[in-house]
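Chain and residue survey
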Amino acid sequence: MRCPYCSSNEDRVLESRAIRDGSVIRRRRECLKCGRRFNTREEIEGSILMVVKKDGRREAFDRQKVLRGLMTACEKRPVPAEALENIADEVERAAYGRGLREIHSRDIGEMVIEALKALDQVAYVRFASVYRNFQDIDQFKEIVETLSRSVREAQNNNRDSQNKKEVQEGRTDVA
Ligand SMILES: [Zn+2]
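Report follows, based on the coordinates. All values derive from a computational prediction rather than experimental measurement.

A few points about the overall build of the protein
Across its full length, the protein carries five helices and six strands. The order of α-helices and β-strands along the protein, N terminus first, is β-β-β-β-β-α-α-β-α-α-α. Counting over 175 residues, the protein shows a buried share of 13%. Within the protein, contacts between residues at least 6 apart in sequence are counted, and of these 44% link residues at least 24 apart.

Here's what the structure looks like:
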């Protein structure tokens, strides 16, 4: 494989991973010349999944596109790149796992939203708001309310443990 950084053809495989039940193999490679690392994918030809967009147009499923959406949502968030790769793999596996030739773009969007929910709340709201295009404003409000509630709860918990600590250390008894 040609190194995307220095164009050398010499590399070694660090790791091979089967995804989509083995119909795709992902390899992590290291360039022997410049030492940089990159990923390659090998897949069975003809296993194309078409995505039906909102306006009815079709395009081939593109894992990179899913990954780009994830990266945008997680910009400046403390989320490791590997976690995003894993979500893209997961979405791809689930999309192909339906065994159909077509999938609706909104189904893919919902899979991403669900995965982000478990990963990073800010990225989740960002993606959900852009993806759902504020069309469903009630749902968006619900998301924001759930989010601010959980933030409040986290703050309360922090305050509680802070208070306990202070009591233990005798600081609050001074007066
Ligand atoms: Zn190189």
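A look at the packing of helix α2 (residues 81–97) against helix α3 (residues 105–119)
Axis separation between α2 and α3 bottoms out at 10 Å; the angle between their running directions is 145°. Both α2 and α3 take part in a crossing whose hand is right-handed. The segment α2 lies against α3, with A83, I87, E90, V91, A94 and A95 engaging I108, M111, V112, A115 and L119. For the contact of α2 with α3, the per-class residue count stands at ten nonpolar, no polar and one charged.

Here's the deal with the sheet that holds strand β5 (residues 58–60)
Paired through backbone hydrogen bonds, the strands of a sheet run either parallel or antiparallel to each other. Sheet architecture is open: three strands sit in the order β5-β4-β6, paired in mixed fashion. Single-partner strands in this sheet number two, and they are β5 and β6 (102–104). Here the average twist between neighbouring strands, direction ignored, is 35°. Inspection of the sheet shows strand β4 (residues 50–52) paired to β6 by three bridges, in the parallel sense. Paired with M50 across the strands is E102, a residue of β6.

Focus on the pairing of strand β3 (residues 37–43)
Two strands pair when backbone bridges link them, and strand β2 (residues 24–31) and β3 are joined in this way by seven bridges, in the antiparallel orientation. Among the inter-strand pairings, E30 is bridged to a residue of β3, identified as R37. Counting the residues between successive antiparallel strands, the hairpin from β2 to β3 contains five residues, one of them, G35, with a positive phi of roughly 80°.

Re the environment of E59
Considering the arrangement of structural elements, one finds E59 in strand β5. We classify E59 as exposed; it has 11 C-beta atoms within 10 Å. Taking the C-alpha atoms as reference points, E59 and E102, 43 residues apart in sequence, are found 9.6 Å from one another. In this structure, E59 is in contact with V51 and K53, ignoring residues within four places of it in sequence.

Quick notes on the sheet that holds β2
One open sheet accounts for three strands, arranged β1-β2-β3; its pairing is antiparallel. The strands lining the two open edges of the sheet, one partner per strand, are β1 (11–19) and β3. On average, each strand axis in the sheet is inclined to that of its neighbour by 25°, with strand direction left out of account. Here β1 runs beside β2; their pairing, made up of eight bridges, is antiparallel. Within β2, the position partnered with E15 by the bridge is R28.

Rules used throughout
Sequence positions are assigned chain by chain, starting from 1 and proceeding in written order. Local features in a predicted model are, by the rule used here, given only for residues with pLDDT of at least 70; side-chain atom pairs are given and counted only at 80 or more, and totals for whole chains, interfaces and linings are based on all residues. Counting from the N terminus, the helices are the DSSP runs of H or I reaching at least four residues and the strands are the DSSP runs of E reaching at least two. Whether a residue is buried, exposed or partly exposed is read from the other C-beta atoms within 10 Å of its own C-beta, which are placed from the backbone; 20 or more gives buried, 12 or fewer gives exposed, and intermediate counts give partly exposed. Placing a C-beta atom from the backbone of each residue, one calls two residues in contact when those atoms lie within 7 Å. The convention used is that axes are lines fitted to C-alpha atoms, helices contributing only their stretch in contact, and that angles between N-to-C directions extend from 0 to 180 degrees. In this scheme the handedness of a crossing depends on how the near helix is turned from the far one: anticlockwise by less than a right angle means left-handed, clockwise means right-handed. Each residue gets one label: Ala, Val, Leu, Ile, Met, Phe, Trp, Tyr, Cys and Pro are nonpolar, Asp, Glu, Lys and Arg are charged, and the others, such as Gly, are polar. A strand pair is defined by DSSP finding two or more bridges across the two strands.

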